[in-house]
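Commentary on secondary and tertiary structure
Chain by chain, the residues run as shown.
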Amino acid sequence: MEGHFLMSRRELERKRVMEQVLEGRLTLKKASELLQVSYRQAVRICNRFKSQGTKGLVHRNRGRPSNRRHPETLRKKVLKRYEERYGGFELGPTLLAEKLALENLMVDHETLRRWLIQEGHWKKKRRRNEHRSRRERRKHFGELVQMDGSHHAWFGGNRPRTCLMELVDDCTGTVLAMMDEQETTELAMRSLWRWIELYGVPQALYTDRKSVFVTDREPTLEEQLAGEQPLTAFGKACKKLGIVIIEANSPQAKGRVERKHGVLQDRLVAELALAGIKTIEATNKVLQNGFIASLNEKFAQAPLEPEDFHRPVARGVELADILCREENRTLANDWTIRHENRYYQITKENRPLPRPKDKI
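Residues numbered from 1 in each chain as written. Predicted model: local features only at pLDDT ≥ 70, side-chain atom pairs only at ≥ 80, totals over all residues. Heavy atoms only, no water.

Applying the stated criterion across every chain, the model contains 22 salt bridges. A salt bridge links E183 to K210; its shortest N-O distance comes to 2.9 Å. In this pair, E183 sits in the loop between β3 (175-180) and α7 (185-199) while K210 sits in the loop between β4 (204-207) and α8 (221-226), placing the two residues 27 residues apart along the sequence. Note on E183: relative accessible area 13%, which makes it buried. A relative accessible area of 30% means that K210 is categorised as partly exposed. Within the structure, one salt-bridge network assembled from shared partners comprises D148, E183, D208 and K210. (Salt bridge = Lys/Arg side-chain N within 4 Å of Asp/Glu carboxyl O. Helix = DSSP H or I, 4+ residues; strand = E, 2+ residues; numbered from the N terminus. Buried < 20%, exposed > 50% of the residue type's maximum accessible area, 1.4 Å probe, protein only.)

Set out below in structure tokens:
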């Protein structure tokens, strides 16, 4: 007794047509047109159906191993290496394939995904996201840079969460990242400083409404008289540099940097875990000494237009004088100012010398 076998839709259609041919209701010429094969191919299909029945219509390679499949020895070696080295880390198949390639274990990430699923090491992940209209990329490098902090357990679930400040160019996807304990004004300034050193001053930053970037306080009397909007320390620095801050109304609006969060939470966490790194200082060295460069080499793309919209820092301007926190104080009669319960003396050598009661 013959066992059961599966047939594709195409094979079932061939069976239906060939039954009509054998019953005399169709000619082979008409059958070849219906099946979209040549007349000679239709004759061969008909002969196999006559001699072997339905089984003759099933593809003869069905159930046979592919000639293009990887050797079983490679499959076993890859899975063994995964269990020995990478099983304890949450590496996706794409990143895992890259790591294995560094060990001369070459396998496509989709093949690796299939092997991991078969062994129960990986589960399919389906995402059903809300539909949103696509916003086209800006056309020039430096035209718009998205900036956001990613709070995550970068050193593992049993360690405190830290913040990775990320800047992503909207046109090319070029990324820069720097880590600190919290999403602070200092971290934002240091990250922007590093970007300017590498590429120049961007035209605009796209940020959320966190207090580091924007403020909702009422303007002071001085600001009202000057017709100025309230700014954070970071906002003041950007204004001096000629950088426009654009506020995003939702995380989806700054989708490029949000998606980059996911890439880094996948790849950087794995990189730090594999290297046994548990400190912010060591992480920043990893970021600056090749990790971000390799990420940009892999994922960044060419700009739509060749002109670079970054601007150089104006001659004579020091970034240290701009990317800093400024506060106003009143000069006392003895040429001192007070800040956080400490007194600072302005010496006579300073020219021009401010007057007492001046706001400085």
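Time to look at the packing of aromatic side chains. All chains considered together, the criterion is met by four aromatic pairs. Ring centres of F213 and F234 lie 5.6 Å apart, and the angle between their planes is 80 degrees; on these two criteria the pair is classed as edge-to-face. Residue F213 is located in the loop between β4 and α8, and its partner F234 is located in helix α9 (residues 233-241); the two are separated by 21 residues in the primary sequence. F213 sits in the buried class, given a relative accessible area of 2%. The ring of F299 is capped by K298, whose NZ or CZ atom sits 5.8 Å from the centre of that ring. (Phe/Tyr/Trp six-rings, centres within 6.5 Å; stacked < 30°, edge-to-face > 60°. Lys NZ or Arg CZ within 6 Å of the ring centre and 35° of its normal.)

Let's shift gears to the packing of helix α4 (residues 72-86) against helix α5 (residues 93-101). Running from N to C, α4 and α5 cross one another at 100 degrees; their axes reach a closest spacing of 12 Å. Taken together, α4 and α5 sit at an angle that is classed as roughly perpendicular. On α5, the residues that touch V78, R81, Y82 and Y86 of α4 are L96, K99 and L100. Classifying every residue of the contact of α4 with α5 gives five nonpolar, no polar and two charged. (Axes fitted to C-alpha atoms, helices over the stretch in contact; angles between N-to-C directions. Parallel < 35°, antiparallel > 145°, perpendicular 65-115°, else oblique. Contact = heavy atoms within 4.5 Å. Nonpolar A, V, L, I, M, F, W, Y, C, P; charged D, E, K, R; others polar.)

Next up on the list: the layout of surface pockets. By volume, the second largest pocket amounts to about 480 Å³. The wall of the second largest pocket is formed by 14 residues, among which T220, E223, E228, K236 and N328 lie closest to the centre. Put simply, the parts of the chain that give the lining of the second largest pocket at least two residues each are α8 and α9. Tallying contributions element by element places α9 first for the lining of the second largest pocket, with three residues. Across the lining of the second largest pocket, the residue classes tally to one nonpolar, three polar and ten charged. (1 Å grid on protein atoms, 1.4 Å probe; cavity = no way out; pocket = protein on both sides within 12 Å on 5 of 7 lines; lining within 4 Å. Points joined across faces, edges and corners; volume = space filled by probe spheres on them.)

Attention shifts here to the packing of helix α2 (residues 28-35) against helix α3 (residues 39-52). Taken N-terminus to C-terminus, the directions of α2 and α3 make an angle of 100 degrees; their axes are 9 Å apart at the nearest point. Taken together, the axis directions place α2 and α3 in an arrangement best described as roughly perpendicular. Contact residues: α2 offers L28, K29 and S32, while α3 offers Y39, A42, V43 and C46. Classifying every residue of the contact of α2 with α3 gives five nonpolar, one polar and one charged.

The next subject is the sheet that holds strand β1 (residues 145-152). Spatial strand order, β3-β2-β1-β4-β5: five strands in an open sheet with mixed pairing. Two strands bound the open sheet, and with one partner strand each, they are β3 and β5 (244-247). If you compare each strand with its neighbour and ignore which way they point, the axes differ by 25 degrees on average. As paired strands, β1 and strand β2 (residues 162-169) are joined by eight bridges and run antiparallel to one another. Across the sheet, H151 pairs through a bridge with C163, a residue of β2. (Pairing = 2+ DSSP bridges.)

Let us look at the side chain of T207. Structurally, the position occupied by T207 is in strand β4. Beyond its immediate stretch of four places on either side in the chain, T207 contacts M147, F213, I245, I246, E247, A248 and K254.

Moving on, we get to the nonpolar core. Core analysis: the largest hydrophobic core is formed by 28 residues, its most contacted members being M147, L167, L192, L205, F213, F234 and L241. Counting only elements with at least two residues in this core, the list comes to β1, β2, β3, α7, α9 and α12 (319-322). Ranked by residues supplied to this core, first place goes to α7 with six residues. Apart from residues no more than four positions distant in its own chain, F234 is found in contact with M147, T185, A188, M189, L192, L205, V212, F213 and I245. Among the nonpolar cores identified, the runner-up in size contains 18 residues, and Y86, L91, A97 and L112 belong to it. (Core = buried A, V, L, I, M, F, W, Y, C linked by side-chain atoms within 4.5 Å.)

With that out of the way, let us pick up helix α10 (residues 255-275). The end-to-end C-alpha distance of α10 is 30 Å, a good match for the 30 Å that 21 residues give at a rise of 1.5 Å each. Along α10, the helix axis deviates most sharply at L264, where the bend reaches about 30 degrees. When we look at burial in α10, the residues that qualify are G255, R256, V257, K260, H261, L264, R267, L268, A270, L272 and L274. Turning to α10, the residues buried within the fold contact α4, α5, β1, β2, β3 and α11 (280-299). Backbone geometry just downstream of α10 places G276 in the positive-phi region, at approximately 70 degrees. (Expected span 1.5 Å × (residues − 1). Bend = angle between axes of the 7 residues up to and from the residue.)

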